[in-house]
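# Descriptive analysis of the structure
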Amino acid sequence: MNQSVPLTNLQTRDISSVLHPYTPIHRLGEIGPLVIERGEGVFVYDTQGRDYIEGMSGLWCAGLGFGDEEMIDAATEQLRTLPYYHLFGAKGTESAIELAEKLKEIAPVPMSKVFFTSSGSEANDTQVKLAWYMNNAKGRPNKKKIISRMKAYHGVTVMSASLTGLPYNHIGWDLPVDRVLHTDCPHYYRFGQDGETEQEFLNRIVGSLRDLIEREGPDTIAAMIAEPIMGAGGVIIPPAGYYPAIQALLDEHDIIFISDEVITGFGRTGNWWGSQTVNMRPTTISTAKQLTAAYAPLGAVMVPEDIYQAYVDHSKQIGTFGHGFTYGGHPLGCALGVKAIEIYQKRDIIGHVRSVAPVFEARMKKLTDHPLVGEVRHCGLVGAVELVADKATKRSFDPKKGVGAQCAKFCEENGLIQRAIVDSIAFCPPMIITEAQLNELFDRFEKALAACE
Ligand code: PLP
């Protein structure tokens, strides 16, 4: 932040009392804090009244933007009727029942039961526990390892951070825990070898997954988890044919496939689910974020009938199903989940994403002419621009230079909020964004990019 401008009272109070997640906290006073006061549509406003296009939907979640009156009314009504209840010990609430039914209706594969959490991390943590519980129930106590991928992002609890494949989530945190294996990141631009075609790259990484499964022993591996399109690892879209090839391997060895749809659910990629867009057939699904369009925290895990029956068997032996969160299935979150899905359907948000995606794509592609842009990646209304020091060799910038962070800062100075993932700048605007607003977003981004060196 510009140090010649004195800090506001709120900024000073923030610095003295708030520990900020995912922030270089040793430089907090230098880079912020940017205190956001209110939001409307695709815009948020800081305490000085400056507007910013929220080019990230907050954290890939505010898909309906800010201040949606129908969502606000649904929240108010739920809070008046029943501000809190839980689902423990066979209790139920109408909002949880309705949301579970809706999720089953729109699921990409037949699902039987929905388990509610408060977040995406808790959903993925739950997935691992459920895979272990299932294999204990099935008398396979050694089938417990979970395969994830380098650059994956699955959250920050001890287990979900272990599934995550990013160094800053492991170094200094004593992670990953045992039983988690990381296989290749399916990013051809970054990890394809010299002279290797995309198909050869695909064959190589699928082969390396096969080797991993054989080396570890298929009888020791319970599940593989994957985001259909990797989000926080840099918006990475695997080569065509990747998921069917992986799927065949997992099926062969009775390894379940967990789709982490925390970012890719609810229309973001132009279909209800990212797995539909990338031809992935999940066994179980994690979701959160746009589940409530971020109007309240909520996550969910969906499981099919045969897997659910294994839990029932185990519950019979042990006496109960011993897992649950105080706020999992919070009535406010569930009511907002029901309302969000209703809005996605009645306003045809998925149709809208598809109709504006060509503008998003065209403006992304135009950026490839810029000397610092190595690759642009996009699908539906999610994408990333990877900045490189040398386009010809794809050489990355020295990480100490912080080019991505610098670019995100220039975005802010131009009234735009984007997220830097090392030197990739992520784009995930609210799904309600209009063509004109998308063009304005990219106009602001181009100004920021022009300031980078
Ligand atoms: N899974 C994916 C794919 C995510 O992108 C995220 C968060 O960005 C998570 C899980 C974790 O969700 P939460 O931050 O709600 O715990």
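The structure reproduced in this document is the subject of the present report. Just so it is clear, the structure is predicted and the values come from calculations on it, not from any experiment.

This paragraph deals with the pairing of strand β9 (residues 284-287). Of the two faces of β9, the one holding Thr284 and Ser286 and the one holding Ile285 and Thr287 are both buried throughout. Inspection of the sheet shows β9 paired to strand β10 (residues 299-303) by three bridges, in the antiparallel sense. The residue bridging Thr287 from the neighbouring strand is Ala300, located in β10.

Next up on the list: the sheet that holds strand β2 (residues 43-46). Taken in spatial order, the four strands make up an open sheet running β1-β2-β3-β13, and their pairing is mixed. Each having just a single partner strand, β1 (36-40) and β13 (416-417) make up the two edges of the open sheet. Here three bridges tie β2 to strand β3 (residues 51-54), and the two strands are oriented antiparallel to one another. Residue pairing across strands places Tyr45 opposite Asp51, the latter belonging to β3. Together, β2, β3 and β13 form the strand contacts of helix α16 (residues 435-451), whose direction differs from that of β3 by roughly 110°.

Another aspect to go through is the site of the ligand. Neighbouring the ligand are Ser119, Gly120, Ser121, Asn124, Tyr153, His154, Gly155, Glu227, Asp260, Val262, Ile263 and Lys289. Tyr153 is positioned such that a nitrogen or oxygen atom in its backbone is 3.5 Å from a nitrogen atom of the ligand. Protein contact buries 84% of the 390 Å² of open area that the ligand shows by itself.

All right, on to the environment of Gln309 then. Within the fold, Gln309 resides in helix α12 (residues 305-318). Each C-alpha atom, one on Gln309 and one on Met134, is 9.0 Å from the other, the two residues being 175 residues apart in sequence.

All right, on to the pattern of salt bridges then. Pairing between side chains becomes possible if they bear opposite charge and their charged atoms approach one another. By the definition in use, this model includes 24 salt bridges. Across the pair Arg140 and Asp254 runs a salt bridge, and its minimum N-O distance is 2.6 Å. Of the two residues, Arg140 is situated in the loop between α6 (120-137) and β5 (145-149) and Asp254 in the loop between α10 (242-252) and β8 (256-260); the sequence distance between them amounts to 114 residues. With relative accessibility at 40%, the residue Asp254 sits in the partly exposed group. Between Asp313 and Lys316 there is a salt bridge, and its shortest N-O distance comes to 3.9 Å. Taken together, the residues span about one helical turn, with Asp313 and Lys316 both in helix α12 at a distance of three residues. Beyond isolated ion pairs, a larger network of salt bridges with shared partners links Asp68, Glu70, Lys339, Glu342, Lys346 and Arg347.

Attention shifts here to the nonpolar core. Within the largest apolar cluster, 67 residues are counted, with the highest numbers of intra-cluster contacts made by Leu103, Phe116, Leu387 and Phe445. Ranked by residues supplied to this core, first place goes to helix α13 (residues 331-346) with eight residues. If we skip the residues at most four places from it in the chain, Leu387 touches Leu372, Val373, Phe397, Val403, Cys407, Asp423, Ile425 and Leu449. Grouped together as the second largest cluster of nonpolar side chains are 33 residues, Ile205, Val206, Ile229 and Leu249 included.

In this section: a nonpolar patch on the surface. A cluster of nonpolar residues, Tyr22, Val156 and Tyr168, forms a patch on the protein surface that exposes about 300 Å² of accessible area. Within the secondary structure, Tyr22 is located in the loop between α1 (9-17) and α2 (28-31). According to the relative accessible area criterion, Tyr22 is partly exposed, its value standing at 42%.

Looking along the chain, the bond that leaves Leu175 and enters Pro176 is cis, with omega of 5°. Following the sequence through the fold, Pro176 ends up in the loop between α7 (158-163) and β6 (180-183). Of note, Ser57 is a non-glycine position whose phi angle comes to about 50°, a positive value. Examined against the element boundaries, Ser57 turns out to sit in helix α3 (residues 57-60). With a phi angle near 75°, Lys151 is a residue other than glycine that sits in the positive phi range. With respect to the secondary-structure elements, Lys151 resides in the loop between β5 and α7.

Conventions we followed
Counting of residues starts from 1 at the beginning of each chain's written sequence and follows it residue by residue. In view of the model being predicted, local features appear only for residues whose pLDDT reaches at least 70, and side-chain atom pairs are presented and counted only at 80 or more, with totals across whole chains, interfaces and linings using the full set of residues. Side-chain metrics rest on all non-hydrogen atoms present in the structure, leaving aside hydrogens and water. Whether a residue is buried, partly exposed or exposed follows from its accessible area with a 1.4 Å probe, protein chains only, as a fraction of its type maximum: under 20%, in between, or over 50%, in that order. Starting at the N terminus, helices and strands are each numbered in turn, a helix being any DSSP run of H or I of at least four residues and a strand any DSSP run of E of at least two. Pairing between two strands is assigned when DSSP locates at least 2 bridges connecting them. The criterion used for residue contact is that any of the two residues' heavy atoms lie within 4.5 Å. To define axes, lines are fitted to C-alpha atoms, for helices over the stretch in contact only, and angles between the resulting N-to-C directions are given on a 0 to 180 degree scale. To be near a molecule or strand, a residue needs just one of its heavy atoms within 4 Å of it. Polar contacts, as counted here, are pairs of nitrogen or oxygen atoms within 3.5 Å of one another; within protein the pair requires one atom able to donate a hydrogen and one able to accept it, and residues that are adjacent in sequence qualify only if both atoms are side-chain atoms. Here the open area of atoms and residues is found with the Shrake-Rupley method and a 1.4 Å probe, where only the protein chains shown may cover a residue. Whenever Lys or Arg places a side-chain nitrogen within 4 Å of a carboxyl oxygen from Asp or Glu, that contact is recorded as a salt bridge. To define a nonpolar core, start from buried Ala, Val, Leu, Ile, Met, Phe, Trp, Tyr and Cys residues and group those joined through side-chain atoms within 4.5 Å. Excluding any residue in a salt bridge, patches collect residues exceeding 30% relative accessible area, merging like charges within 9 Å and nonpolar Val, Leu, Ile, Met, Phe, Trp and Tyr side chains within 5 Å.

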